[in-house]
Amino acid sequence: MSDQATRVLLIEDNPGDADLVRLRLVEGNSAVEVNCVERLADGIASLGLHPPSVVLLDLNLPDSHGAETFRTVLAHSPDVPVVILSGQDDEALALKAVHQGVQDYLVKSDITSKQLERAMRYAVERQGLLRSLEITRKQQLEFKNQFLSHVSHELRTPLTCIHQYVTILLDGLAGPLAPEQSDHLKTVLKSVNQLHAMIRDLLEATRAESGKLRVEPRCISIGELVQQAVTMMRPIAGERQIGLEIGLDNRIPLVYADPDRILEVLINLIDNAIKFTPLEGSVIVRACIVEADEDAVYVSVSDTGRGISPDAKALIFERLYQDPNSVDNNRSGLGLGLFICKELVRLHGGKIWLASDPGQGSTFTFTLPVYSLAKLLSPAIVHEQRLRDNIVLVKVELTPPSKTARGNWREVWQQALETLRRCVYLDKDLVLPPIGGSAAAQTFFVIASTDLQHAGIMMARIRGQLERNQELKACATLVISAVPVDFAVPPADTSLDEQVQAVANRVTEMIMCSMTGQPASPGNGQAASNSIRQVQSIPKESS
């Protein structure tokens, strides 16, 4: 195969078969180094320590049998070529193995030295070719993404200019317009908006493919987001004489999601439903919980449109896919909306799917994780199977002046949140997800497994790190405070999970009271005066 010895890992538990394979390898013209193991587990360990040039694999081992054997090897070392040596001439199994990544399938009783040498050489060469093709594919994909991103960014500037000047003309700021001129400009504006939406989707899809699409989950009410999305889309539905309704389960808990991103998903799904629903049809947006899956909230958008064929259903979430039977002159786009929705839902740890039959309408459903403060708190407040003795709630408030640009402010508070997460001890403290939608002022809460005295040290560290951000220091008022989380000593028969849930309930109550400006009720088992003790707030120095 080459002047350099080929390292062969032989995974074979039958000593006679192992000796036969060694003999065939020695009879060949190539230099080989053979390492033989009898169990799959030993073979996997050897692959990790000393990756061979090729693996010769028996399928029936003491700790693994059949197709699962080669699947395990391929999963652990996808870049190492595998040649199966089987005692059975099984054509179906051989095809399955090759389709799943195995390079060759040989029957032991028929093996000759030349056949084995040729199979190994071809396996190594094919595997190298596959690696080269994969590297080339990734390079082409990266180049394509960079090109699309660059072109999209370059197109946004002239489009913005066109939009601004057309708007000036339509508003009559450059003089009166004839009705016909106004109609022509509205057509131009509609096309500009459509092109702008395409560019936005193209950028989002490029970010998704390159792993740069980000979500900033927080504790939110999905019902409020559904109401907001329907309110935004109702004028469009009204123009097409389509009913747009809401169905909300009153038992829906809070969810852990990025409000802006989920609003984007809802608007995309509702917009599609309206587009593909005939006049006087209906669209309904539902949110509910399912008893069989208590950790998720189910959100669906249903329409009374033409439905989607089985062939299209299999491809509907693919990038750039458009159902050829559902596209006409009024429904143009790039076929990226559902792909972006799928990626955004995936980043939230949810799933999205479609139920549809031709002529029976369509229902798109996605899931979002339920916000469980107890699950988030447990690693920070539990030590050696018991609650920590002291827990403090630290509050960090950032308030911008009214003159601060909203767009810049979002970047500022997101940087502050990242800084805050670097200021805590990962095994003892927890920065809680932001609560509610994006707002002008931002309030962050930290659960610290310490007492008030040591919490003061943490607050000083947080202040020092945040004020190193000059942009934040220049445009925000910073106030940091802390209060102990007072909770009752649990009865002896209370499980640890129940104790954590009780602390989570108390923390939730304290946060809600803090957000509304109301004093929290004293916790059970401690004096009221202790529940409202507070480390002195540290107002930002005036500049």
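Residues numbered from 1 in each chain as written. Predicted model: local features only at pLDDT ≥ 70, side-chain atom pairs only at ≥ 80, totals over all residues. Heavy atoms only, no water.

It is worth spelling out helix 8 (residues 259-275) at this point. Taking 1.5 Å as the rise per residue, helix 8 with 17 residues should run 24 Å; its terminal C-alpha atoms sit 24 Å apart, in good agreement. Buried residues dominate helix 8, accounting for 12 of its 17 residues. Buried residues of helix 8: Pro259, Arg261, Ile262, Leu263, Val265, Leu266, Asn268, Leu269, Ile270, Asn272, Ala273 and Ile274, and no others. The N-cap residue of helix 8 is Asp258: its side-chain oxygen and the backbone nitrogen of Asp260 are 3.0 Å apart. (Helix = DSSP H or I, 4+ residues; strand = E, 2+ residues; numbered from the N terminus. Expected span 1.5 Å × (residues − 1). Buried < 20%, exposed > 50% of the residue type's maximum accessible area, 1.4 Å probe, protein only. Polar contact = N/O pair within 3.5 Å; in protein donor to acceptor, adjacent residues only side chain to side chain.)

This next bit is on the packing of helix 2 (residues 40-49) against helix 3 (residues 67-76). In the contact formed by helix 2 and helix 3, the axes pass within 10 Å of each other and the chain directions differ by 15°. Taken as axis vectors, helix 2 and helix 3 run roughly parallel relative to one another. Crossing handedness for the pair helix 2 and helix 3: right-handed. Facing Leu40, Ile44 and Leu47 of helix 2, the residues of helix 3 in contact are Thr69, Thr72, Val73 and His76. Split into classes, the residues belonging to the contact of helix 2 with helix 3 amount to four nonpolar, three polar and no charged. (Axes fitted to C-alpha atoms, helices over the stretch in contact; angles between N-to-C directions. Parallel < 35°, antiparallel > 145°, perpendicular 65-115°, else oblique. Left-handed = near helix turned anticlockwise from the far one by under 90°. Contact = heavy atoms within 4.5 Å. Nonpolar A, V, L, I, M, F, W, Y, C, P; charged D, E, K, R; others polar.)

Right, let's talk about unusual backbone geometry for a bit. Here Glu384, not a glycine, exhibits a phi torsion of approximately 55°, which is positive. Among the secondary structure elements, Glu384 is positioned in the loop between strand 13 (382-383) and strand 14 (386-387). Of the residues examined, Glu384 reaches a relative accessible area of 67% and is grouped as exposed. For Gln385, which is not glycine, the phi torsion reads 65° and is therefore positive. Note that Gln385 resides in the loop between strand 13 and strand 14. On the accessibility criterion, Gln385 (66% relative accessible area) is exposed.

Moving on: the sheet that holds strand 18 (residues 477-484). Reading across the sheet, the four strands line up as 16-17-15-18 and stay open at both edges, with antiparallel pairing between neighbours. Edge positions in the open sheet fall to strand 16 (429-431) and strand 18, since each of these has one partner strand only. Strand-to-strand twist in this sheet, taken as the mean axis angle between neighbours without regard to direction, amounts to 15°. Here strand 16 pairs with strand 17 (residues 442-448) via three bridges, running antiparallel. Among the inter-strand pairings, Asp429 is bridged to a residue of strand 17, identified as Ala448. Across the face of the sheet, helix 11 (residues 373-381) comes into contact with strand 16 and strand 17 while running at roughly 150° to strand 16. Strands in contact with helix 13 (residues 452-466) are strand 15 (392-399), strand 16, strand 17 and strand 18; relative to strand 18, the strand with the most contacts, it is inclined by about 165°. (Pairing = 2+ DSSP bridges.)

Our next topic: the sheet that holds strand 7 (residues 243-248). Pairing between the strands of a sheet is mediated by backbone hydrogen bonds and can be parallel or antiparallel. Here we have five strands laid out as an open sheet, ordered 7-9-10-12-11, and mixed in their pairing. Of all strands in the sheet, those bounded by a partner on one side alone are strand 7 and strand 11 (352-356). Across the sheet, the axes of successive neighbouring strands diverge by a mean angle of 15°, strand direction being ignored. When strand 7 meets strand 9 (residues 282-290), the two strands line up parallel, connected through six bridges. Along strand 9, the bridge assignment pairs Leu244 with Val283. Against the sheet, helix 7 (residues 222-239) touches strand 7, strand 9, strand 10 (293-303) and strand 12 (362-369), its axis set at about 175° to strand 7.

Before going further, it helps to spend a moment on a nonpolar patch on the surface. On the surface, a nonpolar cluster with roughly 380 Å² of combined accessible area is contributed by Phe143, Phe147, Val151 and Leu155. Within the secondary structure, Phe147 is located in helix 5 (residues 113-170). Among the residues examined, Phe147 registers a relative accessible area of 48% and is labelled partly exposed. (Patch = residues over 30% accessible without salt bridge, like charges linked within 9 Å, V, L, I, M, F, W, Y side chains within 5 Å. Areas by Shrake-Rupley, 256 points an atom, 1.4 Å probe, with all protein chains shown as cover. Salt bridge = Lys/Arg side-chain N within 4 Å of Asp/Glu carboxyl O.)

Moving on to the UniProt feature "modified residue: 4-aspartylphosphate" (unreviewed entry) in the protein. Within the UniProt annotation, "modified residue: 4-aspartylphosphate" (unreviewed entry) is assigned to Asp58. For Asp58, the location among the structural elements is in the loop between strand 3 (54-57) and helix 3. (UniProt positions renumbered as here; feature names shortened; annotations may be inferred.)

Attention now moves to the packing of helix 7 against helix 8. Contact geometry for helix 7 and helix 8: axes closest at 9 Å, N-to-C directions at 40°. Relative to helix 8, the element helix 7 is oriented oblique. As helix 7 packs across helix 8, the resulting crossing turns out to be right-handed. Between helix 7, through Ile222, Leu225, Val226, Gln228, Ala229, Val230, Met232, Met233, Ile236 and Ala237, and helix 8, the contact on the second element is made entirely by Pro259, Ile262, Leu263, Leu266, Ile267, Ile270, Asp271 and Ile274.

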